[in-house]
Amino acid sequence: GLAHWIMDPSSNLTKKKSAAPPPTKRLVIKAFKAKPKLPENFEQKTTAKLKDAVTAVHEKQPVNCSLEELYQAVEDLCLHKLAPDLYAVLQELCEKQISARLESLEGLPLDPVSFLNKMEDCWSDHSEQMLTI
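**Points about the nonpolar core**
No. 1: Among the nonpolar cores identified, the biggest contains nine residues, and these are Phe42, Leu50, Ala53, Cys65, Leu70, Ala73, Leu77, Leu82 and Leu86.
No. 2: For this core, the secondary structure elements donating two or more residues are helix 2 (42-58) and helix 3 (67-79).
No. 3: Ignoring sequence-local partners within four residues, the contact set of Ala53 consists of Val63 and Leu70.

Encoded structure:
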């Protein structure tokens, strides 16, 4: 009957057609013939862009570049083994900013409570800025 016809292994309804697997494609990656070179002024331009951004953060001004663009600039410098130079530039820039902030606190004719409030404001600003940088 019908049940035998459906369950019969020789029936075309129960057999699956076997399709040949698609041919595999190979991806060949070849090395560059010449190592890619950076533009001549890449380090100077990128460092200047980063210095401008750090200065803007310290001065509580808007930054001209997106954070993604700045991150990419740092990554590019690091990938080309320029991280030590970048670190030295940024360290010097931050140290100058800190010195300027400390000098602004020196000689203020404030009572101790006012001085500590001013110092706390400076520390809060500095901490926020360094997190941004």
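Now that the structure has been shown, we can carry on.
**Digging into the pattern of salt bridges**
No. 1: Applying the stated criterion across every chain, the model contains four salt bridges.
No. 2: Among the salt bridges present, the one from Glu92 reaches Lys96, with a minimum N-O distance of 3.3 Å. Of the two residues, Glu92 and Lys96 are both situated in helix 4 (residues 83-105); the distance of four residues between them amounts to about one turn of the helix.
No. 3: On the basis of relative accessibility, which here comes to 54%, the residue Lys96 falls in the exposed class.
No. 4: Ionic pairing is found between Asp125 and Arg101, a salt bridge with its closest N-O pair at 3.5 Å. Of this pair, Asp125 sits in helix 5 (residues 112-132) while Arg101 is found in helix 4, placing the two residues 24 residues apart along the sequence.
No. 5: When its relative accessible area of 24% is taken as the criterion, Arg101 is described as partly exposed.

**Side note on the packing of helix 4 against helix 5**
No. 1: Interaxial distance between helix 4 and helix 5 falls to 11 Å at its minimum, and their mutual angle equals 165°. Taken together, the axis directions place helix 4 and helix 5 in an arrangement best described as roughly antiparallel. Handedness of the helix 4/helix 5 crossing: right-handed. Where helix 4 approaches helix 5, its residues Cys94, Ile98, Arg101 and Leu105 are matched on the opposing element by Phe115, Lys118, Met119, Cys122, Asp125, His126, Gln129 and Met130.

**Concerning the packing of helix 2 against helix 4**
When two helices pack together, their arrangement is given by the angle between their axes and by how far apart the axes lie.
No. 1: It is the contact of helix 2 with helix 4, at a shortest axis distance of 11 Å, that shows an interaxial angle of 25°. One element, helix 2, and the other, helix 4, form an angle in the roughly parallel class. In terms of crossing hand, the pair formed by helix 2 and helix 4 is right-handed. Contacts from Glu43, Thr47, Leu50, Lys51, Val54, Thr55 and His58 of helix 2 reach helix 4 at Asp85, Leu86, Val89, Leu90, Leu93, Cys94 and Gln97.
No. 2: For the contact of helix 2 with helix 4, a count of residues per class yields seven nonpolar, four polar and three charged.

**Here's the deal with the side chain of Gln129**
No. 1: Tracing the sequence through the fold places Gln129 in helix 5.
No. 2: When sequence neighbours within four positions are dropped, the list of residues in contact with Gln129 reads Val57, His58, Lys60 and Arg101.

**Remarks on helix 2**
No. 1: In this model, helix 2 (17 residues) spans 24 Å end to end at C-alpha, consistent with the 24 Å of a helix rising 1.5 Å per residue.
No. 2: Phe42, Thr46, Thr47, Leu50, Ala53, Val54, Ala56, Val57 and His58 are the residues of helix 2 that are buried.
No. 3: Against the buried residues of helix 2 lie helix 3, helix 4 and helix 5.
No. 4: Lys60, located one to two residues past helix 2, shows a positive phi value of around 55°.

The rules we used
- Residues numbered from 1 in each chain as written.
- Predicted model: local features only at pLDDT ≥ 70, side-chain atom pairs only at ≥ 80, totals over all residues.
- Heavy atoms only, no water.
- Core = buried A, V, L, I, M, F, W, Y, C linked by side-chain atoms within 4.5 Å.
- Buried < 20%, exposed > 50% of the residue type's maximum accessible area, 1.4 Å probe, protein only.
- Helix = DSSP H or I, 4+ residues; strand = E, 2+ residues; numbered from the N terminus.
- Contact = heavy atoms within 4.5 Å.
- Salt bridge = Lys/Arg side-chain N within 4 Å of Asp/Glu carboxyl O.
- Axes fitted to C-alpha atoms, helices over the stretch in contact; angles between N-to-C directions.
- Parallel < 35°, antiparallel > 145°, perpendicular 65-115°, else oblique.
- Left-handed = near helix turned anticlockwise from the far one by under 90°.
- Nonpolar A, V, L, I, M, F, W, Y, C, P; charged D, E, K, R; others polar.
- Expected span 1.5 Å × (residues − 1).

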